[in-house]
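Okay, here's what each chain looks like letter by letter:
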Amino acid sequence: MPSKEDGASDKEKILELFLKVGLDERTAKNTIANNKVTANLTAVIHEAAVTDGCSRNVGNLLYTVATKFPANALVHRPVLTQYVVSSKIKIPAQLDVALSFFANTGPENFKTSEFEEACGVGVEVSEEEIKQSVNEVFEENKSAILEQRYKTNVGDLFAHLRKRHPWADPKIVKASIDTKLHELLGERTAEDDVKVPKKKKEKPAKVEEKAIAVSSPEQPAEEILNPYAIFPQPEENFKVHTSVFFSDGSILRCCNLRELLEKHLSAMFIDFGLAKERGGGCYLRYDDTNPEAEKKEYIDHIQEIVSWMGWKPYKITYTSDYFQDLYDLAVELIRRGHAYVDHQTGDEIKEYREKKMNSPWRDRPIEESLKLFEDMRRGLIEEGKATLRMKQDMQSDNFNMYDLIAYRIKFTPHPHAGDKWCIYPSYDYAHCIVDSLENITHSLCTLEFETRRASYYWLLHSLGLYQPYVWEYSRLNVSNTVMSKRKLNRLVTENWVDGWDDPRLMTLAGLRRRGVTSTTINTFVRGIGITRSDCSMIHLSRLEYHIREELNKTAPRTMVVLDPVKVVITNWKDDLIKESYVFWSIHQVPFSSVLYIERSDFRLKDSKDYFGLAPGKSALLRYACPIKCVDVKDVVLAEDNETVLEIRVEYDPEKKTKPKGVLHWVAEPSPGVDPLKVEVRLFDRLFNSENPAELEDWLSDLNGKSKVVIPNAFAVPTLGKGVGVGDKFQFERLGYFVVDKDSTPEKLVFNRTVTLRDSYKSGK
């Protein structure tokens, strides 16, 4: 892998290249920040053969080509760049027509004469012709110009001249207009510089009749928008979709013949959503190229998670299903002179790649590599003594073209393929080939794999195989957590969290255990859309918003007290109420003279902004009646004179008082018996910073309060009946909670999914 210094050096080289073609420094730096435009502009500069520099005008036109050239006609882009470099197309108006011409033409052949006629190639408009036309336009509009003087709309004058001479140099046209204005009007006066105040629109007279309200159409909800519209249809794979540049100046343009493509429309490999959107199918494939890394429980877990998410694979496959095909194609690759057996150690390969040096065995005879590769397959060469490497481009600017390893020796049985093989393909070799063998139309991966695209297409081209459409998209970056597999693995293996399904992790298993539904996750991801911006950060509150939206509609309500303090009703009289139960929702919950409220809902000192219970103040018990702590003498304190042990209150069963504060509570189910005890785990942001991944010591940013365990919270008795793992509830005034898998028949365990409120609003 390249170091940070290598990345910085590459950016400096690209910046230097962009400055050579006339871009100003600010534009050049902004361009480098956009990976797609950088790749396109670099390709255009190479196609135009101006790596040593060009005029600013040519550079600006090439920049327009790089940013606006139609994707369906990339095969013709080099033609256009040559027209620009040779100054046959030299003004923006010509270029605009050229871009439109190719957008309509697509990849089909075109007649040069028609193209040149459309773009005004060879048409020269002299300065005298421009001046003559300017005089004529001014004569036609003289009275208006004299009246408006220097407030005349010059754009209108330009439009008149453009109709007469569409291919005239706009700089000469502008200079001629300015000269003529000065000649006709003389020097500018102070009055010419006075801005004309905008006229206020007159309000229409009021009409007695009531106006009919017309509602403007609402913007569609974010989950309704179609994020898959950015992807081409499979039948467009015959168009040029990728260019791979080699150090010798040659260019590989990746596309497929129509005849070849038509055989591969039956299967689609893309995320399940795009497959569903296009009426196709999605393969679930395990890239099990490393026999030491594949575990059955890992494979089973993925299938189970996919099913939970509501997706059904078109087919479940393994890379190991194609081991024989991959081996046969490796032999063919050697025969074609595109692979060789190498004896360098791992450290030597790394050193040679960093120095862009060829392996000493790179040019060994084909027959020799064929024999050695057969010896590798038969187990006649020791592990680590030989590899098969692809013969790519060691002088490329892309380190993923530095003769990647295709096969290595491992005397380890494979969990899926058994002990048939002692050589195993690499991911870089196997992935693209299996994509092709499975007739994939769309192959998706995250942006960190973008530099592998060149190797992907080089290999398929070298073997003459079908080339799927590859698209890289940005990895989902959510605030206050980390998403990279390496960092997640460290959190798990070093026991910073409690496994891969820890509810604080943004893994699917973690989200499910936290109580987030698959519907919510799909809605959240669909709302974000698919983007190639690798620096966007999605705030966690956006996901939490979608969680609340669903659980508010589906989760039944109940009452749990996390930090209970005892309340005793002193004026309790059985004859004042008909029965000792309060009807709540569809359940009956006990109501007695002894109950418990949250410790935070009581204060010894009252204040205007406080609506809980305090001496001399009333509060309403949810679903029941008001209670009042009459005097501070009714509060029983511990020996420290601070900790409240018991609050004695009077209740108002006839509800004559109307307090503002509402409290949740849990009562004794019978005299002297504690309420149902449950364990509650309060989960919060895993990290304090929004983007911990950018911190050098990111582990020091872990939130020490991201998990708080309350072992003995009190709950209403109905919560202990018929409740199973995964059941979700709204705890009144506390949030949404889910029953955890650690629950036992003796004690339920609840995970907090999300609190009740947050500032995030839909559409932000």
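In case you missed it, the structure is sitting above this.
Residues numbered from 1 in each chain as written. Predicted model: local features only at pLDDT ≥ 70, side-chain atom pairs only at ≥ 80, totals over all residues. Heavy atoms only, no water.

**A few points about the overall build of the chain**
Then step 1. The number of helices and strands found in the chain is 23 helices and 27 strands.
Then step 2. Burial status across the chain gives 45% buried among its 764 residues.
Then step 3. Within the chain, contacts between residues at least 6 apart in sequence are counted, and of these 68% link residues at least 24 apart.
Then step 4. Surface exposure of the chain reaches about 41,400 Å², of which carbon and sulfur atoms provide 50%. (Helix = DSSP H or I, 4+ residues; strand = E, 2+ residues; numbered from the N terminus. Buried < 20%, exposed > 50% of the residue type's maximum accessible area, 1.4 Å probe, protein only. Contact = heavy atoms within 4.5 Å. Areas by Shrake-Rupley, 256 points an atom, 1.4 Å probe, with all protein chains shown as cover.)

**A short note on the packing of aromatic side chains**
Then step 1. Under the definition given, this model contains 25 aromatic pairs.
Then step 2. Consider the rings of Phe102 and Phe110, whose centres lie 5.3 Å apart with planes at 80 degrees: the pair is edge-to-face.
Then step 3. With relative accessibility at 0%, the residue Phe102 sits in the buried group.
Then step 4. Taken together, a centroid distance of 5.8 Å and an interplanar angle of 65 degrees make the contact between Phe323 and Tyr424 edge-to-face. Taken together, the residues span a long stretch of sequence, with Phe323 in helix H15 (residues 323-335) and Tyr424 in strand E8 (residues 423-425) at a distance of 101 residues.
Then step 5. Note on Tyr424: relative accessible area 0%, which makes it buried.
Then step 6. An aromatic cluster of three or more residues is present, and its members are Phe323, Tyr327, Phe373, Tyr407, Trp421, Tyr424 and Tyr429. (Phe/Tyr/Trp six-rings, centres within 6.5 Å; stacked < 30°, edge-to-face > 60°.)

**A closer look at unusual backbone geometry**
With the exception of glycine, the majority of residues adopt a negative phi angle, and the majority of peptide bonds are in the trans configuration.
Then step 1. Residue Lys356 is not a glycine yet carries a positive backbone phi of 55 degrees.
Then step 2. Within the chain, Tyr623 stands out as a residue other than glycine whose phi angle is a positive 70 degrees.
Then step 3. With respect to the element layout, Tyr623 can be found in the loop between strand E17 (617-621) and strand E18 (626-629).

**Some thoughts on the nonpolar core**
Then step 1. The biggest cluster of nonpolar side chains holds 41 residues, and the ones touching the most others in it are Leu326, Phe373, Leu388, Tyr407, Tyr429, Ile433 and Leu459.
Then step 2. Secondary-structure elements contributing two or more residues to this core are H15, strand E5 (339-342), helix H17 (366-377), strand E6 (387-390), strand E7 (405-409), E8, helix H18 (427-437) and helix H19 (453-463).
Then step 3. Broken down by element, this core gets its largest block of residues, eight residues, from H15.
Then step 4. Contacts of Tyr407, omitting those with residues within four sequence positions, involve Phe323, Leu326, Tyr327, Ala330, Phe373, Met376, Thr387, Leu388, Ile423, Tyr424, Pro425 and Tyr429.
Then step 5. Counting 32 residues, the second-largest nonpolar core is a separate cluster that includes Ile32, Ala66, Leu95 and Val121. (Core = buried A, V, L, I, M, F, W, Y, C linked by side-chain atoms within 4.5 Å.)

**What to know about the sheet that holds strand E26 (residues 735-739)**
Then step 1. An order of E11-E25-E26-E27-E23-E24-E12 is seen for the seven strands of this open sheet, with the pairing classed as mixed. Two strands lie at the open edges of the sheet, namely strand E11 (557-558) and strand E12 (560-561), each paired on one side alone.
Then step 2. As paired strands, E11 and strand E25 (residues 728-731) are joined by two bridges and run parallel to one another. The residue of E25 that forms the bridge with Thr558 is Phe731. (Pairing = 2+ DSSP bridges.)

**Section: the sheet that holds E5**
Then step 1. Across the sheet, four strands lie side by side as E5-E6-E7-E8; this open sheet has antiparallel pairing. Edge positions in the sheet fall to E5 and E8, since each of these pairs with one other strand and no more. Going across the sheet, the axis of each strand differs from the next one's by a mean of 20 degrees, ignoring polarity.
Then step 2. Bridging between E6 and E7 involves three bridges; their strand directions are antiparallel. Residue pairing in the sheet places Leu388 in a bridge with Tyr407 of E7.
Then step 3. Its contacts with the sheet put H17 on E5, E6, E7 and E8, and the angle it makes with E5 is roughly 60 degrees. (Axes fitted to C-alpha atoms, helices over the stretch in contact; angles between N-to-C directions.)

**So, the pattern of salt bridges**
Then step 1. Within this structure, the stated rule accounts for 41 salt bridges.
Then step 2. Across the pair Arg336 and Glu332 runs a salt bridge whose closest N-O atoms are separated by 2.9 Å.
Then step 3. A relative accessible area of 39% places Arg336 in the partly exposed class.
Then step 4. The partly exposed category is assigned to Glu332, whose relative accessible area is 26%. (Salt bridge = Lys/Arg side-chain N within 4 Å of Asp/Glu carboxyl O.)

**Focus: the pairing of strand E13 (residues 564-569)**
Then step 1. Counting buried positions over the six residues of E13 gives five, a clear majority of the element.
Then step 2. Bridge count between E13 and strand E16 (residues 594-598): five bridges; the pairing is antiparallel. Within E16, the position partnered with Val568 by the bridge is Val594.
Then step 3. When E13 meets strand E20 (residues 644-651), the two strands line up parallel, connected through four bridges. In the sheet register, Ile569 faces E20, and the bridge partner there is Val649.

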